[in-house]
Every structure is written in C-alpha cells, then in structure tokens.
Amino acid sequence: MKFGLFVPQGWRMDLVGIDPTQHWGVMAGLARRADANEDWSSIWVFDHFHTVPIPSEEATHEAWTLMAAFAAVTGRVRLGQMCTCMAYRNPAYLAKVAATVDIISEGRLEMGIGAGWYEHEWRAYGYGFPRAGERIRALDEGVQIFRQMWTTGTATFDGKHFQVDGARCYPQPLQGTSVPGSKHNGIPMWIAGGGEKKTLRIAAQYADYTNFDPTPEVFAAKSEILKGHCDDVGRDFGEIVRSSNLNVFIGSTEQEVEDRFDSLRARLLSVGSPEARVEQLFADYRQQATVGTPEQIVEKLQALEKLGMTYAILNFPESAYDTTGIAMFERDVMPELLDREQHGHLWHLPRRR
C-alpha cells in the first residue's frame, strides 16, 4: 500500500485559532515533513472555497495556488488535489495551470478531478448548480480536453459544456515528454467519485487512479462495477490504481483515540458548527479503517488491501496543532503495509532495499 497525506488548508476547520500570518508556515512545514520521509508518496489538498461542516468565515486556502507553492518548497513528494472540481475553472485553462505546476515541481503533479458536489459554494461563486448528470457530462468533456492538451500540446473540442479551438499548452508537462508519466495522459489522472453508471465509466476510459468510499462493502461493489466498465471499453482493469480517503484517529489506547475526537469536537463547536452535524460527522468517521490503536488500524487496512485498495490518502484532523498522530502512524502502521515498489510513473521515488 502507498500513502498520501492531506495538508491542512482550512476546509475542514483545521486551521481554526491559528493566525493567518502563520498559515503558510504550518502548511509548508507539514509539506516539508512529508517530503523528508520517503514513506509518504504524496501530499494533498481539497479543492473547496467554503468550510465544512458548515460554511463559515474561517480560512479555506485555494487548492491550485497551494499546488504551485508546494511545488516550490518540496523536492520529492508528489502533489495532488482530492479533488479538483471541473466546473470551477475552464478545463483548457486548468490544463495550462497544471502543466506549469508540473514544470515547477519537475514532474511531480497528480491531477485529481471530479464533478463537484458542494452546492453552497457553487451558487455562492456564481456557477449555478446543474443536476448531477450535467456535472458528470462536463467532467467527461473536460477530461478529454486535458488529455489532448497534455499529450499533443493543443486541444480542439466542441462539446455541450466546453468548446476550445486550437488551445495551446506549451511548454507541455514534463511528465509524458521529458520524464516518465502516465502512458495515457501525461500527468497522471485521478477520477474521483463512485457514480456507478457514468463516473466509473469515465474512470474506466481515462483514469490512472480512482478514489471512492473506503467502506469495505461499498469499495468491493464499486470495484466490481469499475471492472465491468473496463471490460466494456476494452481497458485493462489492473492498470487503474484504486484509492480511498480516510480520516485518522489513532492512539495507543482507546482513551487516546477518544481524546482526539474530543479535541476535534471542541474545535468544531467553538466556531458554531451545529452539534448534530458534528455528531453525524463523527459517526461516519468511526466507521473508517483508520480509527483505533495501531494494531486495529493495520488489521482493517489489510482487509481493505485485499479488496484492492492499494493507495490510502490520510487526513489527520489535528495535524496543524499536533503531529503525534502522524508520528505514531508512521512508526507503528506504515511499516506493516508499505509497498516500496514504484507505480509506473513514480520515477522519482528511490527504492529501499
């Protein structure tokens, strides 16, 4: 299994109480921490503008600005978004942005992309909120534009949602040109979401990676549906790495685990999050494989690995304030699960003997 680390950017109320003058220092410090530990394959941020569990005046830093900044202050770890909303930026423009970030990072960018769901910020920013089928159709069109831009240097596309006519992308991304990358896309493409009829079919056609619900029963069912779509479109199912996002509450005892929940509860309530929303959020978190003692977490992640989940992207809700949970996970969980063989495009990762 490979591991990615979410860097707190505020979206999950994970910079509350920290002065904005210190935000970049906190984020850059955690990025450099992961960069220095080769057991972390990647770092990630979310592509959102308003906080959860409720929109608030607390900070939420913009994802692609952070991509460029992280590219400049790290040298090894890969850089991803989970996941970029297709509708928030014209896809030809975003392909150009991504190519620039790939060059700044010397070929370390991942493109996480999805149809989007957070209605409040869609409407607040003037994007409307089309029905799900239209958002997914826009995702399909945009992914095709990405692929053209990155692999040929130009794109022409006449779709329902997006039209481009000779949009140029020079210089092209380093991945797929100067350095190894995705054989299909240049920059590796993560298509996130579990929509069974459309999203997973788009993933079967274009994705290097997928990302969907880590609940074992759901993960197994989505994997079977993805395989069926791969069979339909003539794609090798084994080419697509399946990943999940997980929230980590780790402790050497059950009380330490509860202490981490209590700390997060206090922070969320302090900024006006409704108690019922917080408790529902925690009920969802408690079902995840990364809640418990190290031994419990290893066992649950091994069960997910048997189902084909080979890339875990982890959020430690307290990481801006306290890195002891990260340290415990690195020491007591990761060595039991790590896969240090390279994925096809991870040319920069040294192999350890």
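Residues numbered from 1 in each chain as written. Predicted model: local features only at pLDDT ≥ 70, side-chain atom pairs only at ≥ 80, totals over all residues. Heavy atoms only, no water.

You'll find the chain entered in an unreviewed UniProt entry as LLM class F420-dependent oxidoreductase, with Pedococcus bigeumensis given as the organism.

Got a minute to help me understand the overall build of the chain in this structure?
Looking only at helices and strands, one finds twelve helices and 13 strands in the chain. Whereas a compact globule of 353 residues would reach a radius of gyration of roughly 20 Å, the chain reaches 19 Å, a difference of no more than 12%. Principal axes of the C-alpha set define a box for the chain whose edges measure 60 × 50 × 40 Å. Within the chain, the fraction of its 353 residues that count as buried is 56%. (Helix = DSSP H or I, 4+ residues; strand = E, 2+ residues; numbered from the N terminus. Rg over C-alpha atoms; globule rule 2.2 N^0.38 Å. Buried < 20%, exposed > 50% of the residue type's maximum accessible area, 1.4 Å probe, protein only.)

Can you walk me through the nonpolar core in this structure?
Among soluble globular proteins, nonpolar side chains are generally buried collectively. Of all hydrophobic cores here, the largest spans 83 residues; its most connected members are Phe3, Leu301 and Phe329. In contact with Leu301, other than residues within four places in its own chain, are Met1, Phe3, Leu246, Ala289, Thr290, Met309, Phe329, Val333 and Leu337. Counting 13 residues, the second-largest nonpolar core is a separate cluster that includes Val52, Met82, Tyr118 and Tyr311. (Core = buried A, V, L, I, M, F, W, Y, C linked by side-chain atoms within 4.5 Å. Contact = heavy atoms within 4.5 Å.)

Just to check I follow, could you spell out the packing of aromatic side chains for this structure?
The geometry of an aromatic ring pair comes down to the distance between the two centres and the angle between the two planes. Per the stated rule, a full pass over the model turns up 23 aromatic pairs. Taking 5.7 Å as the distance between ring centres and 80 degrees as the angle between the ring planes, the aromatic pair formed by Phe3 and Phe329 counts as edge-to-face. Of this pair, Phe3 sits in strand 1 (residues 2-6) while Phe329 sits in helix 11 (residues 324-332), and the two are 326 residues apart along the sequence. The buried category is assigned to Phe329, whose relative accessible area is 0%. (Phe/Tyr/Trp six-rings, centres within 6.5 Å; stacked < 30°, edge-to-face > 60°.)

Looking at this structure, how should I read the pattern of salt bridges?
Opposite charge on two side chains makes pairing possible when the charged atoms of those side chains draw close. Tallied over the full model, the rule gives 18 salt bridges. Among the salt bridges present, the one from Arg286 reaches Glu258, with a minimum N-O distance of 2.8 Å. Here Glu258 lies in helix 8 (residues 254-270) and Arg286 lies in helix 9 (residues 275-286), a separation of 28 residues in the sequence. Take Arg286: its relative accessible area is 35%, and that puts it in the partly exposed class. The network of salt bridges with shared partners includes Asp47, Glu62 and Arg89. (Salt bridge = Lys/Arg side-chain N within 4 Å of Asp/Glu carboxyl O.)

Explain the state of the cysteines to me, please; I cannot follow it from the model alone.
Disulfides are covalent bonds that link the sulfur atoms of two cysteine residues. The tally for this structure, following the rule as stated, stands at zero disulfides. Cys85 takes part in no disulfide bond, and the closest cysteine sulfur to it belongs to Cys83, at a distance of 7.6 Å. Residue classification places Cys85 among the buried positions, given a relative accessible area of 4%. (Disulfide = S-S within 2.5 Å.)

Hey, could you run me through the side chain of Asn211 in this one?
On the secondary structure map, Asn211 appears in strand 9 (residues 209-211). We classify Asn211 as buried; its relative accessible area is 7%. In terms of polar contacts, Asn211 uses its side chain to reach the side chain of Asn245, at 2.9 Å. Non-local contacts of Asn211, meaning those with residues more than four positions away in its chain, are made with Met82, Ile191, Ala192, Gly193, Ser243, Ser244, Asn245 and Ile313. (Polar contact = N/O pair within 3.5 Å; in protein donor to acceptor, adjacent residues only side chain to side chain.)

Even after reading the chapter, I still don't get helix 9, so can you show me in this structure?
Each α-helix winds once per 3.6 residues, and so residues spaced three or four apart point in a common direction. Compared with an ideal rise of 1.5 Å per residue, which puts twelve residues at 16 Å, helix 9 spans 16 Å between its outermost C-alpha atoms and is within 8% of the ideal. Within the sequence span of helix 9, burial applies to Val278, Phe282 and Tyr285. For helix 9, the angular spread of the buried residues around the axis is 55 degrees, confining them to a single face. (Expected span 1.5 Å × (residues − 1). Arc of directions from axis to C-beta.)

Would you take a moment to explain the pairing of strand 5 (residues 111-114) for this structure?
The side chains of a regular strand alternate between the sheet's two faces. Burial along strand 5 is two-sided: Met111 and Ile113 facing one way and Gly112 and Gly114 facing the other are all buried. Pairing between strand 4 (residues 84-85) and strand 5: two bridges, direction parallel. Looking at strand 5, one finds that Cys85 is bridged to Gly114. Regarding topology, helix 3 (residues 91-104) serves as the crossover connection from strand 4 to the parallel strand 5, and that connection is right-handed. Pairing analysis gives three bridges linking strand 5 to strand 8 (residues 189-192), with the strands arranged parallel. When the bridges of strand 8 are listed, Gly112 appears paired with Trp190. (Pairing = 2+ DSSP bridges. Right-handed = clockwise from strand over helix to strand, strands pointing away.)

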